[in-house]
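Now for the letters of each chain:
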Amino acid sequence: MNDALPPDDARLRGLTHRLRHHFERFGYRGIDTPILENLDLFLRKSGEEIAARMYSFTHWNRKLCLRPELTASVMRAYVSQLRDRPLPVRVHYAGPTFRYEKPQRGRYRQFTQVGIECIGGEGPSADAEVLAAACGAVAQIGLRNSRLVVGHLGVVLQLLEQLGIDEHGQNLILGNMEALARRGADPDEVVPRVLALMGVGSTVAQEDRTVDEADEEPASLLPSLLSEFGSEGAAHVASDLLARANLVLEGGSRTPEEIVSRLVSKAGRLDPTDNVSRAVDFIVQLQRLAGPPSEAFERIAALLAEHNLDPGPLREIERALSLLPSYGVEHPDVVVDLSLGRGLRFYTGLVFELHATAVGGVSSQIGGGGRYDDLVRSLGGHDAIPACGFSFGLERLKLALEAEGAELEGDRPLDVVVAPIEEGDEPLAVQAATRLRADGLDVEVDLRRRGVKANLRHADREGIPYVVIVGERERQAGQPLLRDMRSRSEQAVDLDRLVQVVRAGR
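Let me begin by describing the structure that accompanies this report. Starting afresh in each chain, residues are numbered from 1 along the sequence in its written order. Local features in this predicted model are restricted to residues whose pLDDT is 70 or higher, and side-chain atom pairs enter the listing and the counts only when it is 80 or higher, whereas totals over whole chains, interfaces and linings include all residues. Only hydrogens and water are set aside; all other atoms, that is, all heavy atoms of the structure, feed into the side-chain values.

Time to look at the environment of Pro420. By the criteria applied, helices consist of DSSP H or I runs no shorter than four residues and strands consist of E runs no shorter than two, each listed in order from the N terminus. As for its position among the elements, Pro420 is in strand 12 (residues 416–420). When the C-alpha positions of Pro420 and Gly471 are compared, they lie 6.2 Å apart, and in sequence the two are 51 residues distant. Whether two residues touch is decided by their heavy atoms; if any such pair falls within 4.5 Å, the residues are in contact. If near-sequence neighbours (up to four positions away) are discounted, Pro420 is found in contact with Asp425, Glu426, Ala429, Val445, Asp446, Arg449 and Val470.

Spatially, eight strands are ordered 1-5-6-11-10-9-7-8 in an open sheet, and the strand pairing comes out mixed. In this open sheet, the two edge strands, each paired with only one partner strand, are strand 1 (29–30) and strand 8 (334–336). Taken together, the three bridges between strand 7 (residues 146–152) and strand 8 define a ladder with parallel strand orientation. The partner of Val150 across the bridge, within strand 8, is Val336. Every axis in this analysis is a line fitted to C-alpha atoms, fitted for helices over the stretch in contact. Angles between the N-to-C directions lie between 0 and 180 degrees. Here helix 14 (residues 312–323) sits on the sheet in contact with strand 7, strand 8 and strand 9 (350–356), set at roughly 145° to strand 7. A pair of strands is labelled paired if DSSP reports no fewer than 2 bridges between them.

This part takes up the pattern of salt bridges. Any carboxyl oxygen of Asp or Glu within 4 Å of a side-chain nitrogen of Lys or Arg constitutes a salt bridge here. Counted by the stated rule, this structure contains 23 salt bridges. The partner of Asp9 in a salt bridge is Arg13, and the shortest N-O contact between them spans 2.9 Å. Of this pair, Asp9 and Arg13 both sit in helix 1 (residues 8–24), four residues apart, which is roughly one turn of the helix. When the shortest N-O distance is used, the salt bridge between Arg315 and Glu318 registers 3.0 Å. A residue pair is termed a helical-turn pair when its members lie 3 or 4 positions apart in one helix, as Arg315 and Glu318 do in helix 14 at three residues. Residues joined by salt bridges that share partners form a network here, namely Asp8, Arg11, Lys398 and Glu402.

A separate point is unusual backbone geometry. Pro6 connects to Pro7 through a cis peptide bond whose omega is 0°. By the secondary structure assignment, Pro7 is in the segment before helix 1. The omega torsion across Leu87 and Pro88 is 0°, close enough to zero to call that bond cis. Residue placement: Pro88 occurs in the loop between helix 4 (71–82) and strand 5 (89–98). The residue Arg488 is not glycine, and still its phi comes out positive at about 65°. What makes Arg488 partly exposed here is its relative accessible area of 43%. Relative accessible area decides the class of each residue, using a 1.4 Å probe on protein chains only: under 20% of the type maximum gives buried, over 50% gives exposed, and in between gives partly exposed.

See the structure below:
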């Protein structure tokens, strides 16, 4: 279990407060959504990688899960409750999310996302605002070394459509972009894996398939049914057989009718092996062309021309980056990489990641986001609403700051420790502490009555600048003894002047 102990809890809360305060300067307002969500919300668009790592369960016939990310929850809240608001709707959020990951430094099964969503923000102008808010937040909290990686899914989607790959195949290839571009996966292994998930070949490992994919093994008799009865008749025969066998298809995001329809569709289509190989090769080429904008734009434009692809997505990145200096963002380390996929199925346009690059040149992703123009309609909205957003991984952000030696809010010591010597000294001691707290100071009262020496040692060890001592003499005089731990000086102070004297010495 990843407990947040003192002072880490204060550091994380302090970071959250500073980030959300920064987002409010851009006009974003807070939103909070439940940790528990309907499973279907995330099966629709989160992508295979996240779907396979969700904590899900059935309770009273309801399929539920712990939210694996916050964008889908925020968009559900928009579709159900915020659609009457004028666009764009700008919201910021912070909260725990859950994924069954392999535990390692900076990667936990429960982690905190802090981010924003700009719902109704269209095109490079909105993309630039979100990029500026993200880069500005990094500067605001004092992280000195970071890299901005910017991509655009529009280029790969264009090629996949040009190759005639259907939506399911597109999603599978997009889901493997991260493995190809970031984790150095071998294309010769990725191609058969994608084909197997599309129902061509059988090399996919059983444990790597989702419930939907496992339900969709190709049936060798379907081509014959298609030839004899056509697609509609074949679907009717397959559905009738399932019903007569009393077989129940559940556990996935699709209805039995949708699964049968896709089985029939797959049985009747052409072998996609060559097109999948071309798509994977194209993604690998994009990754090799990544680099600073001054170099990458020209190289990528040449590749797009070679494949007769519209350079519009490249121009959108160029336009968004060109606006950053106007926001006061002069990010020195920007990489344009059109093989960036983010692993989430709902992205449709510009995507980006922020990486901390502090110690020893080791890069650690601290946040990311992008454009998702189809998500509102996928979640039941009547119209397609353009939207974009991003989030930080709070725990990773804290580790990156600590690696740079940054001082975080939780490192601030208490202002005063108040030490009653005997039980009868407690009323005056508590009065002194209450007055100091009322003036905004952090004050600790010694509840164990450890004595003067032990309290002075405690203050020295913890860096607490003042100790207020209340013994018999101070109680009778009504004047606590104030000790300045830095100068080692002491003075008796009237209760009415105590706050003033402490404030003057800080």
